[in-house]
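# Descriptive analysis of the structure
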There are 4 protein chains.
Amino acid sequence: MSDIKAARKNRIIEAALRIFAEKGFQEATISEIAKAAGVSDATVYEYFKTKEDLLFTIPEKLTGDALREFRETILPYLRGTEAKLRAIVQTYMSLYERNPHYSALVMLQLKANRNFLKTSSYEQIRDAARELLDCIRAGIADGTFKKDVDPLLVRSVILGSIEHLCVRWHLLGTPSNLVEHVDPILDLVLDGIRAPGPAKEISVHLHVTADGVKVENAGDAPGGKRGKGEE
Amino acid sequence: MSDIKAARKNRIIEAALRIFAEKGFQEATISEIAKAAGVSDATVYEYFKTKEDLLFTIPEKLTGDALREFRETILPYLRGTEAKLRAIVQTYMSLYERNPHYSALVMLQLKANRNFLKTSSYEQIRDAARELLDCIRAGIADGTFKKDVDPLLVRSVILGSIEHLCVRWHLLGTPSNLVEHVDPILDLVLDGIRAPGPAKEISVHLHVTADGVKVENAGDAPGGKRGKGEE
Amino acid sequence: MSDIKAARKNRIIEAALRIFAEKGFQEATISEIAKAAGVSDATVYEYFKTKEDLLFTIPEKLTGDALREFRETILPYLRGTEAKLRAIVQTYMSLYERNPHYSALVMLQLKANRNFLKTSSYEQIRDAARELLDCIRAGIADGTFKKDVDPLLVRSVILGSIEHLCVRWHLLGTPSNLVEHVDPILDLVLDGIRAPGPAKEISVHLHVTADGVKVENAGDAPGGKRGKGEE
Amino acid sequence: MSDIKAARKNRIIEAALRIFAEKGFQEATISEIAKAAGVSDATVYEYFKTKEDLLFTIPEKLTGDALREFRETILPYLRGTEAKLRAIVQTYMSLYERNPHYSALVMLQLKANRNFLKTSSYEQIRDAARELLDCIRAGIADGTFKKDVDPLLVRSVILGSIEHLCVRWHLLGTPSNLVEHVDPILDLVLDGIRAPGPAKEISVHLHVTADGVKVENAGDAPGGKRGKGEE
DNA sequence: CATGAATGAGATTTCATTCAT
DNA sequence: GATGAATGAAATCTCATTCAT
């Protein structure tokens, strides 16, 4: 019984997700959604107070699930600030790309809606964004990132980049693919905020003899700049 | 006569800009706009085919003026890729901050509107964005930026950051100020894409005698990586 | 079982009485009433065919009880037309005042409802009104009231007065009290319809002598005007 | 132009009056009224904010006209409290009888509506009722009526009687005629509140002779109570 | 028998848009 | 050219009522 209800509610949400994403909130009608969900108009109102309530309820599950999965399944296994950051961005991009209706809804219908800010769905989205912020702050605290970067700004750059790409993807069809930009974005951003490594030390053993000078050994000192930054 | 008409049209556009920005496209009514402009509803339709046409026409002037001014008054006096980039971003941010109704309109009402993509207003916005892209490409070509960065991605990062901040500014009221983020954003992004200087060459003159070794000279080679201090 | 059912039905009726009286028939919803009665919507329909049927059923019990009590407990102990009349009006006013929901329902929701005229509840109310009419007719027949008054009109005056006060009481809050108007109304109406007493006869014994005239006896005849009218 | 508008508005009001009176507020639909008025649904809303606003506006004109006419055309020519009273009641009854839709609307739809109390239409009705009250008070002041009657109560008796008859007339079809009850109601009420005249004085001339006694003259004193026959 | 759940059936109301003047 | 006035065309939302369990 409760299952039937839940299923019905889900069907309404799924229909609404698709139709709102495709036609926009204003252009979509409850009738259309109800028909797509196989219920009557009135039934939609059994589950949702208003059309806007329906809109605002849609992202709840997906956002919650994604955040939960990230926290439970992914986060615990990550070591290192950068790895975490990469995982977060990857999670966003992958979520958006694998659920284009969802991302279209969030990017095109909800992000600019003042009322949405007051909903619990928005709370979840904010939670996810806070995870990213915490990660950046941790990176600053542990010396991975420069001390003087503004973590909020860094987050804005990252989220802004993600969102911009996602919107382009939806409206212009380009890029054709979101996840492949995860690394480039992060490389760019990380290069911009990474703390410089300790100065490189070079030791050169010169063997000076009458015959000449022979370089016997030239080795990088440990602690040199690692990673992609050298590209 | 034509002046009177132009003035009338401008009054309608200004009223519409304010009202659309404050209440959103759907919530605003033609009646309201007409009243605010001091004309009749029907007169609005003398100048604009539909409500949406009015919406799409609004940003035309401001966008065009801003772009023209940038090209004519600012651009010619700039030397260097980074200076140009900084000027572009500064122009965006300043335009958005000094014209909050305009930026609210663009960010909250137009950016997500599929129909807007087909308008000439959008063409102008695209032109401005192309200016930014050209600048990035020029930076790559002239060796300011790494050869392997994706200029489109860099632009997305920059525009995304700008837009994200602007949307937050409108919806959340934070940050309280846009232009002060111009430099931090660019510092971050530029640090991420700047080409490394030519490898640092160090020449050490060792004076090896029976008495010992004396370092005679140790100097940086020209072309070393410049630090932040120079910005 | 039947008791449980009867109790349930009563709970529904009581809830409906209160809610219909407070919000009006149209504004009240079955859901609301069902919830207040602690039953489901559908259960309401087990006991009442329609919403209107519920409305019409509500006054049945109270009206019937009041009429029955009047006939059984009060009427038998009354002697005289005026006493009866006073008791009837007192019963109305007291019933209305002690059961404000009931009187609001009758005065504000039912009295103007054409369909109500066909119900058995209305029959009861008509019965009560007939009691009043009978009493007036009896008063005419027994010479208490003038022969030429129209009993229907008298009843209309009495009922109209009662109803007018009751409606004012509900809508305007004034008078603050109904029963205290019983006597004033009746005094007014009775004074207007009471039959004049038999002509007053005066006998004067004049003792006429040569010495003069002496009034020996002057007495009222029996049958002079009685009652409150002289106050 | 304005005439056309006014005419249109009147047509809507007249259609609404008829339909609201016939079917009741809830049963009537705007569509029906619009059709009967020969306009579109939307046009109704050009003239009236809501359906209820339309309802409340209907009685305005008729009530106002009637009150104005009474005050300007009738009242100035009346002498004496009772004549005035009679004229007021006559005006009510005649208005109600000659405009059955209007009286049905007022008696069956408006009188019990709490929101109506806040309208300007109700103000007018209250004004008319105040006229009646003033008249009663004047009668008390000038000695026509007993000093100790409650003028508000008298008014309630009069208005209640009128309303009761009017409601019966609409719902039951009886009496078949309202105005013929004006006099009987007033006779009844006036008889109940009229101040008693000065005591009747009788002078008898007895002519006493040896032959016997002859009554020479027996006349009523002036100022004796007038009987019904004189009305 | 009680009810949770679903819905049929509209009605009100809103505006963008048109058109005659 | 400007506009007052009218309206076409829906869409949201509400409930009384029904029915399967």
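All figures in this text were calculated on a predicted structure; none of them were measured in a lab. (Residues numbered from 1 in each chain as written. Chains lettered and ligands numbered in written order. Predicted model: local features only at pLDDT ≥ 70, side-chain atom pairs only at ≥ 80, totals over all residues. Heavy atoms only, no water.)

It is worth spelling out the overall build of chain A at this point. Broken down by element type, chain A carries 9 helices and 2 strands. The order of helices and strands in chain A, counted from the N terminus, is α-α-α-α-α-α-α-α-α-β-β. When the 231 residues of chain A are sorted by exposure, 47% land in the buried category. Entry remark: accessible area of chain A is about 11,900 Å², with carbon and sulfur atoms responsible for 51%. (Helix = DSSP H or I, 4+ residues; strand = E, 2+ residues; numbered from the N terminus. Buried < 20%, exposed > 50% of the residue type's maximum accessible area, 1.4 Å probe, protein only. Areas by Shrake-Rupley, 256 points an atom, 1.4 Å probe, with all protein chains shown as cover.)

Residue placement: B:His181 occurs in the loop between helix 8 (151–171) and helix 9 (182–193). Given the relative accessible area of 9%, B:His181 is considered buried.

Time to look at the interface of chain C and chain D. Interface size, as often reported, equals the accessible area lost upon joining of the parts. Each side of the interface is counted separately: chain C has 38 residues, and chain D has 39 residues. At the boundary of chain C with chain D, total buried surface from both sides reaches about 3,200 Å², with 62% on carbon and sulfur atoms. The partner of D:Lys146 in a salt bridge is C:Asp191, with the nearest N and O atoms 2.7 Å apart. Where chain C meets chain D, there are 6 residue pairs in polar contact (both at pLDDT 80 or more). (Contact = heavy atoms within 4.5 Å. Buried area = accessible area lost by both parts, 1.4 Å probe. Salt bridge = Lys/Arg side-chain N within 4 Å of Asp/Glu carboxyl O. Polar contact = N/O pair within 3.5 Å; in protein donor to acceptor, adjacent residues only side chain to side chain.)

Close to DNA strand E lie 29 residues, the nearest being A:Arg8, A:Ala42, A:Thr43, B:Tyr45 and C:Thr43. Taking all atoms of DNA strand E within 4 Å of the protein, the share assigned to sugar and phosphate is 67%. A distance of 3.1 Å separates a phosphate oxygen of DNA strand E from a polar atom in the backbone of D:Ile30. Secondary structure elements with two or more residues in the surface near DNA strand E: helix 1 (2–23) and helix 3 (41–47) of chain A, helix 3 (41–47) of chain B, helix 3 (41–47) of chain C together with helix 3 (41–47) of chain D. In the surface near DNA strand E, the residues fall into 14 nonpolar, 8 polar and 7 charged. (Near = heavy atom within 4 Å. Nonpolar A, V, L, I, M, F, W, Y, C, P; charged D, E, K, R; others polar.)

Attention now goes to the protein's contact with DNA strand F. In the region of DNA strand F, 29 residues are neighbours, and B:Thr43, C:Tyr45, D:Arg8, D:Ala42 and D:Thr43 sit closest. Taking the atoms of DNA strand F that fall within 4 Å of the protein, sugar and phosphate contribute 68% of them. At 2.3 Å from a phosphate oxygen of DNA strand F is found a side-chain nitrogen or oxygen belonging to D:Arg8. Here a phosphate oxygen of DNA strand F and a side-chain polar atom of D:Tyr47 are 2.8 Å apart. For the surface near DNA strand F, the elements supplying multiple residues, two or more each, are helix 3 of chain A, helix 3 of chain B, helix 3 of chain C together with helix 1 (2–23) and helix 3 of chain D.

On to the relation of the copies chain B and chain A. Relative to chain A, chain B is turned by 180° and slid 0.2 Å along the rotation axis, the superposed coordinates differing by an RMSD of 1.2 Å. Such values leave the two copies arranged in the relation of a two-fold axis. Of the residues that chain B buries at the interface, 92% are likewise interface residues in chain A, meaning the two copies contact each other through the same surface. (Least-squares fit on C-alpha atoms with pLDDT ≥ 70 in both.)

Model confidence for chain A is summarised by a mean pLDDT of 88, while 87% of its residues fall at 70 or above. Every residue in residues 220–231 of chain A is under pLDDT 50, and counting partners more than four places away or in other chains gives 13 contacts. (pLDDT = per-residue confidence, 0-100.)

Any two side chains of opposite charge can pair if their charged atoms end up close together. Taken as a whole and assessed by the stated rule, the structure comprises 48 salt bridges over all chains. Ionic pairing is found between A:Arg194 and A:Glu82, a salt bridge with its closest N-O pair at 2.7 Å. Taken as a pair, A:Arg194 in the loop between helix 9 (182–193) and strand 1 (202–208) and A:Glu82 in helix 5 (residues 81–98) lie far apart in primary sequence, 112 residues in all. The network of salt bridges with shared partners includes A:Glu82, A:Asp191, A:Arg194 and B:Lys146.

With 40 residues of chain B at the contact, the number on the chain A side is 40 residues. Taken together, the two surfaces of chain B and chain A that pack against each other cover about 3,300 Å², and 62% of this comes from carbon and sulfur. Our count for the chain B to chain A interface comes out at 2 salt bridges. At the boundary of chain B with chain A, the tally comes to 6 residue pairs in polar contact (both at pLDDT 80 or more). Per-class residue counts for the side of chain B that touches chain A are 21 nonpolar, 8 polar and 11 charged.

Attention now moves to helix 9 of chain B. With 12 residues, helix 9 of chain B extends 16 Å between its outermost C-alpha atoms, agreeing within 8% with the 16 Å of an ideal straight helix rising 1.5 Å per residue. Burial of helix 9 of chain B is extensive: 9 of the 12 residues sit out of reach of the surface. For helix 9 of chain B, every residue scored as buried is listed here: B:Val182, B:Ile185, B:Leu186, B:Asp187, B:Leu188, B:Val189, B:Leu190, B:Gly192 and B:Ile193. Its buried side turned inward, helix 9 of chain B meets helix 8 (151–171) and helix 9 of chain A together with helix 5 (81–98) and helix 8 of chain B. (Expected span 1.5 Å × (residues − 1).)

Before going further, it helps to examine the packing of helix 5 of chain A against helix 6 (residues 100–110) of chain A. Residue and element names in this part refer to chain A. For the pair helix 5 and helix 6, the least separation of the axes is 5 Å and the interaxial angle reads 105°. With respect to their mutual orientation, helix 5 and helix 6 come out roughly perpendicular. Two secondary-structure elements touch here, helix 5 through Leu95, Tyr96, Glu97 and Arg98 and helix 6 through Pro100, Tyr102, Ser103 and Met107. By residue class, the composition of the contact of helix 5 with helix 6 is 5 nonpolar, 1 polar and 2 charged. (Axes fitted to C-alpha atoms, helices over the stretch in contact; angles between N-to-C directions. Parallel < 35°, antiparallel > 145°, perpendicular 65-115°, else oblique.)

Between the two copies of the chain lies a relationship made up of a rotation around an axis and a movement along it. Least-squares fitting of chain C to chain D yields an RMSD of 1.4 Å, with the superposition described by an axial translation of 0.0 Å and a rotation of 180°. Most of the interface of chain C is mirrored in chain D: 95% of its interface residues are interface residues there too.

Let us now look at the packing of aromatic side chains. Applying the stated criterion across every chain, the model contains 20 aromatic pairs over all chains. Pairing A:Tyr96 with A:Tyr102 gives two aromatic rings, centres 6.4 Å apart and planes at 35°, and the pair type is tilted. When its relative accessible area of 4% is taken as the criterion, A:Tyr102 is described as buried. Measuring from ring centre to ring centre gives 5.9 Å for A:Phe116 and A:Tyr122, while their planes differ by 70°; the resulting arrangement is edge-to-face. Overall, the relative accessible area of 3% leaves A:Phe116 in the buried class. On the basis of relative accessible area, A:Tyr122 is assigned to the buried category, the value being 14%. Aromatic ring contacts, followed pair by pair, group A:Phe56, A:Phe116 and A:Tyr122 into a single cluster. Across from the ring centre of C:Phe25, 4.5 Å away, lies the NZ or CZ of C:Lys51, which sits over that ring. (Phe/Tyr/Trp six-rings, centres within 6.5 Å; stacked < 30°, edge-to-face > 60°. Lys NZ or Arg CZ within 6 Å of the ring centre and 35° of its normal.)

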